[in-house]
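A look at the structure
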Amino acid sequence: MSRIVMTQALCAAGYEPLAQMGPIYVANSGNPSEYLEELQNAECVVVRIGHMNRAEIEAAPHLRVIGRSGIGYDSIDVAAASERGIPVVIAPHCNADSVAEHTLALMFALASNLVECHNEAVTGNFEIRNSGKMFELKGRTAGIVGFGDIGKRVGRLCRAVGMDLLAYDPYCTEADIKAGGARPCGTLSELLAESDAVTIHTPLNDGTRGLLRWKELRQMKSTAVLINCARGGIVDEADLIQALREGIIAGAGLDVTVEEPLRPDNPLCAAPNLILSPHSAAQTREATVRAASMCAEGCIAVLHGQRWPAVANPEAYLHPRWKQDAAVPAANADQDGMEARK
């Protein structure tokens, strides 16, 4: 029987199918180094919130698959997994609509100065309505950094509001960006200078870490807002706090931060004109069910010896342990899963 370790329990749509494969240990901790003994017999580790580094992978001699109940996998040492022929199962597109809608929610909230207005209204300060901070999104320009699956969905929602679109993505062709209804920008600087709302939808990697620092924030309009529903670390947080304090930009909405969860004394918590959500963009009921079920289905397929296509590291199948051909299941065989990383 297979043994499964979960950093946190999946919802029933993912937990119940995996439970049929064998005993499950739910750690309620995103740090597998705290329960290395449980990894000794694990054939499958499911990471919902947490990490899986090289040392933790090496501490699991029987490990055959790592599951991520989501799209991103920057918290998993994919190279270490590939070296052992361990596929890292992901759930492409599972939360794309949820993240796109949350992005627009933050954009609307910033444009309406909603959080400050609420906080002041409940104290009886109705004069906040005359702050002059509110503006309409219709006729404004949305600048989308990263025009992959989520970026395109955000673009469709922005167009529906009546916004013009700019997009910067060095991995997309101009034709692809134009087909998505946006005007291509040759440089990030061009997009920042022309946009009224800049929204980030790129993966976190060596090329995007610190993508927006003081220099880039200075290139934005003083009336512009910034939204990040991608990954903490793409925006330099210290520089963002300074930009908000000095009025370099008008506001920001973050669903992701470097430190998660945020300590109350984190300087972000005191930054002006900043709306924070607790990495909850992908946590709608619908997205949670899709992520859990897709993750479980892929892990089960790999445990049965099948080469599941929706993985972060198809190179894992080049390992000698995968010498024999294996059937690929038809259900949810998302061949363009890699594009969904953005």
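Above: the structure in question.
Conventions adopted
Residues numbered from 1 in each chain as written. Predicted model: local features only at pLDDT ≥ 70, side-chain atom pairs only at ≥ 80, totals over all residues. Heavy atoms only, no water. Axes fitted to C-alpha atoms, helices over the stretch in contact; angles between N-to-C directions. Helix = DSSP H or I, 4+ residues; strand = E, 2+ residues; numbered from the N terminus. Parallel < 35°, antiparallel > 145°, perpendicular 65-115°, else oblique. Left-handed = near helix turned anticlockwise from the far one by under 90°. Contact = heavy atoms within 4.5 Å. Nonpolar A, V, L, I, M, F, W, Y, C, P; charged D, E, K, R; others polar. Pairing = 2+ DSSP bridges. Phe/Tyr/Trp six-rings, centres within 6.5 Å; stacked < 30°, edge-to-face > 60°. Buried < 20%, exposed > 50% of the residue type's maximum accessible area, 1.4 Å probe, protein only.

Focus on the packing of helix α5 (residues 96-111) against helix α7 (residues 149-161)
Two numbers describe how α5 lies on α7: the axes approach to 9 Å, and their chain directions differ by 45°. Taken as axis vectors, α5 and α7 run oblique relative to one another. As α5 runs across α7, the sense of the crossing is right-handed. Facing Ala-96, Asp-97, Val-99, Ala-100, Glu-101, Thr-103, Leu-104, Met-107 and Phe-108 of α5, the residues of α7 in contact are Asp-149, Ile-150, Arg-153, Val-154, Leu-157, Cys-158 and Val-161. When grouped by side-chain class, the residues that make up the contact of α5 with α7 number 11 nonpolar, one polar and four charged.

Brief notes about the sheet that holds strand β9 (residues 197-200)
Within the open sheet, the seven strands sit side by side as β8-β7-β6-β9-β10-β11-β12. Their pairing is parallel. Pairing within the sheet leaves two strands with one partner each, and these edge strands are β8 (183-184) and β12 (274-276). Sheet strands in contact with α5 are β9, β10 (225-228), β11 (251-254) and β12, and its direction is about 155° off that of β10. Relative to β11, helix α11 (residues 237-245) is tilted by about 145°, and along the sheet it contacts β10, β11 and β12.

Overview of the packing of aromatic side chains
Under the counting rule described, the total for this entry stands at two aromatic pairs. Ring centres of Tyr-25 and Tyr-35 lie 5.9 Å apart, and the angle between their planes is 55°; on these two criteria the pair is classed as tilted. Highlighted residues: Tyr-25 in strand β2 (residues 24-26) and Tyr-35 in the loop between β2 and α2 (36-39), separated in sequence by 10 residues. A residue is classified by how much of its surface remains accessible, and Tyr-25, at 25% relative accessible area, is partly exposed. Residue class for Tyr-35 comes out buried when judged on its relative accessible area of 7%.

Purely geometric numbers; function is a separate question.
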